[in-house]
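# Observations on chain architecture
Residues per chain, in single letters:
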Amino acid sequence: MILIKQVILHRLNMELKQPFTTNLASFRNKDFFIIEVVDESGERGFGETASFPTPWYTEETVETNKHVLEAFLIPLVLDVPLDHPDQVAAKFEVVRRNNMAKAALEGAIWDVFAKKQGIPLATALGGTKKAVDVGVSIGIQPSMNELFDTIAYHVEEGYKRVKLKIKPGFDVEMLAAVRRAFPTVPIMADANSAYRLHDLPRLKELDAFNLQMIEQPLGHDDFIDHATLQSQLDTPICLDESIHTFSDVRTALTLGSCSIINMKVARVGGITEAKKIHDYCKSNDVPVWCGGMLEAGIGRAHSIALATLPQFRLPGDTSASNRYFDKDIIEPKVTLENGQVVIPDRPGIGYEIDWRALENYRIEKSVIGKS
Ligand SMILES: O=C(O)CCC(=O)C1=CC=C[C@@H](O)[C@@H]1C(=O)O
Ligand SMILES: [Mg+2]
């Protein structure tokens, strides 16, 4: 039984090693919450919010996460006995969407659950892999030379796949040049909804580059045009921003809007929903891979645990701690070994908070409940 007595919100601000730029936004810093939950037995679990300061990726922001957590979600689990973390998602159903706020709190409760059982979170989820394949996502770079250097650097580090951001005017020529320079590197492209169906002729040209997939080419809320596009493209379409729920995945696969699912535990509202989506994709033989939100170590650890499930068949964006940060907030750091992250064989998420680092980055702390 789990009985959460206290929830602590640590708001951190961490500088990124380089700005991360897409067609819609650019970030130099990561502003987010680490959520610490304390069970009546004194066991502590950790989760991490994934929203950005502005609502460009989903409707949530850092501020809405705080409001929704404090006013609605925390009261639904504080001092409420739980037999299993799967019950959290059901309790959260009275709050529409706000998936990133939900996922962070639910993830912390999953961590407590696994720790109380003395098993790794990956094992608690039914994960089977001992290590997961990892790729790297590269934001829009200031010049082609910097793009080539960045790709070469990460390929040298061992990443198994490179994801490049595209937008109209920065696509066919850029990918042709990258393909010439890196003929054998697995490459995928992510458009963050930068195109519309009338761009079909241009998007068809991308079939020439042997891309692993094109992620979210069309509207963030679209399934129908993506289905039309997929029927015209050889390259698999992967949906990211369109997928918030199990029901979205069912719609996408029923309509043929995509052939691959980018799973972000934060975007789908938590591990319980992510597992449901995973199982559905497995029974439909649709590959899943684990996306990222430039997470610090705690969010990263949750994604890595989830990616041990069998249908995660492609490298994830769960790159090493040193991808975005000079100093991560966990010990040990997430490291890359031959393009893989080895799953820690320790209870819960398997990484400890580095409190000195966390306190160094902390700009706000709120405590709800009594320990
Ligand atoms: O390395 C990571 O964590 C993935 C980074 C990444 O590609 C993204 C993070 C957040 C929003 C997007 O720009 C993008 C994505 O669309 O997947
Ligand atoms: Mg994406």
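Our structure is the block above this text.
Here is a short report on the structure shown in this document. Please read all numbers here as calculations on a predicted model, not as lab measurements. (Residues numbered from 1 in each chain as written. Chains lettered and ligands numbered in written order. Predicted model: local features only at pLDDT ≥ 70, side-chain atom pairs only at ≥ 80, totals over all residues. Heavy atoms only, no water.)

## Topic: the side chain of Asp-328
The criterion, for reference: Here a strand is any run of E in DSSP of at least two residues, a helix any run of H or I of at least four, and the numbering for each starts at the N terminus. Working definition: with a 1.4 Å probe on protein chains only, accessible area under 20% of the residue-type maximum means buried, over 50% means exposed, and in between means partly exposed. Only four residue types enter the charge count, namely Lys and Arg as positive and Asp and Glu as negative; His and the chain termini do not. Here, a salt bridge means any side-chain nitrogen of Lys or Arg that lies within 4 Å of a carboxyl oxygen of Asp or Glu. As used in this structure description, the phrase polar contact means that two N or O atoms lie within 3.5 Å; if the pair is within protein, one of them must be able to donate a hydrogen and the other to accept it, and residues adjacent in sequence are counted only when both atoms belong to side chains. Any two residues whose heavy atoms approach within 4.5 Å are treated as being in contact.
Here Asp-328 shows up in the loop between helix H11 (297–306) and strand E12 (330–331). Look at Asp-328: it is buried, it has no salt bridge, and the nearest opposite charge is Arg-300 at 5.0 Å. Within polar-contact distance, the side chain of Asp-328 engages the backbone nitrogen of Gly-297 at 2.8 Å. A polar contact is formed between the side chain of Asp-328 and the side chain of Ser-321, at a distance of 2.7 Å. Once you skip the residues sitting within four places of it in the chain, Asp-328 turns out to touch Met-14, Ala-296, Gly-297, Ser-321, Lys-333, Asp-354 and Ala-357.

## Side note on the site of ligand 1
Our working definition: Whether a residue is near a molecule or strand depends on its heavy atoms: if one lies within 4 Å, it is near. A 1.4 Å probe and the Shrake-Rupley method give the accessible areas. Residues count as covered only by the protein chains that appear here. Cavity means a closed set of points on a 1 Å grid over the protein atoms alone, one where a 1.4 Å probe fits but cannot get out, pocket means an open set with protein on both sides within 12 Å along at least 5 of 7 lines, and lining means a residue has an atom within 4 Å of a point. To decide whether a molecule occupies a pocket or cavity, check its atoms: if more than half lie within 2 Å of the grid points, it is inside.
Ser-137, Asn-192, Lys-264, Leu-294 and Tyr-324 are the nearest of the 18 residues found near ligand 1. Within the side chain of Lys-163, one N or O atom sits 2.9 Å away from an oxygen atom of ligand 1. In this structure, Asp-190 approaches ligand 1 through a side-chain N or O atom, which is 2.9 Å from an oxygen atom. Burial of ligand 1 by the protein amounts to 100% of the accessible area it has alone, namely 400 Å². With respect to the pocket detection grid, ligand 1 is positioned in the largest cavity.

## Examining the pairing of strand E1 (residues 4–21)
For clarity, the threshold we go by: Note on pairing: DSSP must find at least two bridges between two strands before they are called paired.
Relative to strand E2 (residues 26–39), E1 runs antiparallel, the two being bridged by 13 bridges. For Asn-13, the partnering residue across the bridge sits in E2 and is Asp-31. In this antiparallel pair of consecutive strands, E1 and E2, the connection spans four residues. As judged from the seven bridges shared by E1 and strand E15 (residues 362–369), these two strands associate in the antiparallel manner. Across the sheet, Leu-9 pairs through a bridge with Ser-366, a residue of E15.

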